[in-house]
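If you want the building blocks of each chain, they are given just below.
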Amino acid sequence: MSDVNTRKLLSDPLLDNNPITVQVLGVCSALAVTGNVTNALIMGAAVTMVTAFSNLTISLLRNYIPSRIRMIVQLVVIAFLVTLVSLFLQAFSYDLSKELSVYVGLIITNCILMGRLEAFALGNKPLPSFLDGIGNGLGYGLILLIVGSIRELFGTGSLLGFTFFGEEAFHNIAFLKSGFFHAFFHNGLMVLPIASIFILGIIIWIQRSKNAELVDIS
Amino acid sequence: MGDLINIFVKSAFVENMVLIYFLGMCSYLAVSKTVKTAVGLGAAVIFVLAITAPINWIIRENLLVEGALGWIHPSFETLNFEFLGLIIYIGVIAALVQLVEMVIEKFSPALYMSLGIFLPLITVNCSILGGTLFMITKEYNLAQSAVFGIGSGFGFFLAIVALAAIREKLRYSNVPAPLRGLGMAFIITGLMGLAFMGLMGIKL
């Protein structure tokens, strides 16, 4: 395996073959947990972990799994990993796990996992499968991060605890203290989960207008 | 009784699985190109949700929660198997979908043909597992969880058939090329979601 291929495994899912905007997998959780950047980052990290290790496990087992029961085997591997992640979150950051509620458990039915296992891990060696898992997890995380930061910035005026818009913005930096940033009002729509669906639609629009190969013909 | 009707209306309209919680989006976007297939998938989801929610409730109450195994021996009173929940629920869902598929194939080949590939796909539809997990966080009893399952399934049916009908009409309109298909489906879903959010103020 050459270096170019390794890099492609990691970089392809970030843009040209993004799991959310191009393959249309794993949309469910991408929309619901992107209210702020922290949630988006945690969810992206959790999904990356699970995709990477489930790809690795299934790829190691691929010659021993009878094809008739492979779905059940895949589900058990995924469910095991998701249970680990969910218990880990509950142990180390209970508030966050309460906030993400059922969506951590729902990583099991995130189509990215099953899709990558079926499409890649069942037919490839462990190392490329592991990298493919990481790449797809990061591609998913990237979209979550974009949507999360847009929603948090325009919805609450702050990003990771630092205020950009509104009364509080830049109150200790003299030359930015008044004017434009203070006059900005928070956008109430962005706080609602429904905003993420519009943002995702617009991201898809931009991506497809840049890359004509992705345009739907039907 | 009134309580059950409330849960049905709430799960179907006010807390619609697809448009408010965004669960089951993958199959919702992929299978909504024509009304006929959308009706097939919607019916299959109602069917499976109506069965899995109460069965997972029975399994959880009788095997998993703390003290549930006390009838075997008093020393089992302290056992709590809830950490195994996710694996067991998804196993039950996979097994039930397989079972439902075989039963339908045996007794109604016509329905089986029309549902086709959608039945096995339902295993990884987020709204099915989501139904079970929401039923647990909302602490419903057996009858309530059955009604919740049917209601959520009906909500999914409603949303997917509506989107498919709109997309069928959209084929005749002049949408900008990069927005065609998926992009437009997202934006329409957003608009439908906004409309459904208007129901949120209803207290039941």
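Residues numbered from 1 in each chain as written. Chains lettered and ligands numbered in written order. Predicted model: local features only at pLDDT ≥ 70, side-chain atom pairs only at ≥ 80, totals over all residues. Heavy atoms only, no water.

### Observations concerning the confidence of the model for chain B
Any region with low pLDDT has predicted coordinates that should not be read closely. Residue and element names in this part refer to chain B. Looking at chain B as a whole, the pLDDT averages 84, with 97% of positions reaching at least 70. Averaged pLDDT values for the elements of chain B fall to 70 in helix α6 (residues 118-121) and rise to 91 in helix α8 (residues 142-170). Quick note on the complex model: pTM equals 0.83, ipTM equals 0.79. (pLDDT = per-residue confidence, 0-100. Helix = DSSP H or I, 4+ residues; strand = E, 2+ residues; numbered from the N terminus.)

### A short note on the interface of chain B and chain A
Across the contact, 39 residues belong to chain B and 37 residues belong to chain A. Here chain B and chain A share an interface that buries about 3400 Å² over both sides, 84% of which is from carbon and sulfur atoms. Contact with chain A buries surface across chain B, with Phe 22, Pro 178 and Phe 186 of chain B losing the most and accounting together for 20% of the total. Where chain B packs against chain A, one counts zero salt bridges. The tally of links from chain B across to chain A stands at zero residue pairs in polar contact (both at pLDDT 80 or more). (Contact = heavy atoms within 4.5 Å. Buried area = accessible area lost by both parts, 1.4 Å probe. Salt bridge = Lys/Arg side-chain N within 4 Å of Asp/Glu carboxyl O. Polar contact = N/O pair within 3.5 Å; in protein donor to acceptor, adjacent residues only side chain to side chain.)

### Regarding the packing of helix α4 (residues 85-107) of chain B against helix α7 (residues 126-137) of chain B
Residue and element names in this part refer to chain B. Their axes nearest at 10 Å, the elements α4 and α7 cross at an angle of 135°. Considered as vectors, α4 and α7 are oriented oblique to each other. For the pair α4 and α7, the sense of crossing is right-handed. Where α4 abuts α7, its residues Leu 86, Tyr 89, Ile 90 and Ile 93 lie against Ile 128, Leu 129, Thr 132, Leu 133 and Ile 136. By residue class, the composition of the contact of α4 with α7 is eight nonpolar, one polar and no charged. (Axes fitted to C-alpha atoms, helices over the stretch in contact; angles between N-to-C directions. Parallel < 35°, antiparallel > 145°, perpendicular 65-115°, else oblique. Left-handed = near helix turned anticlockwise from the far one by under 90°. Nonpolar A, V, L, I, M, F, W, Y, C, P; charged D, E, K, R; others polar.)

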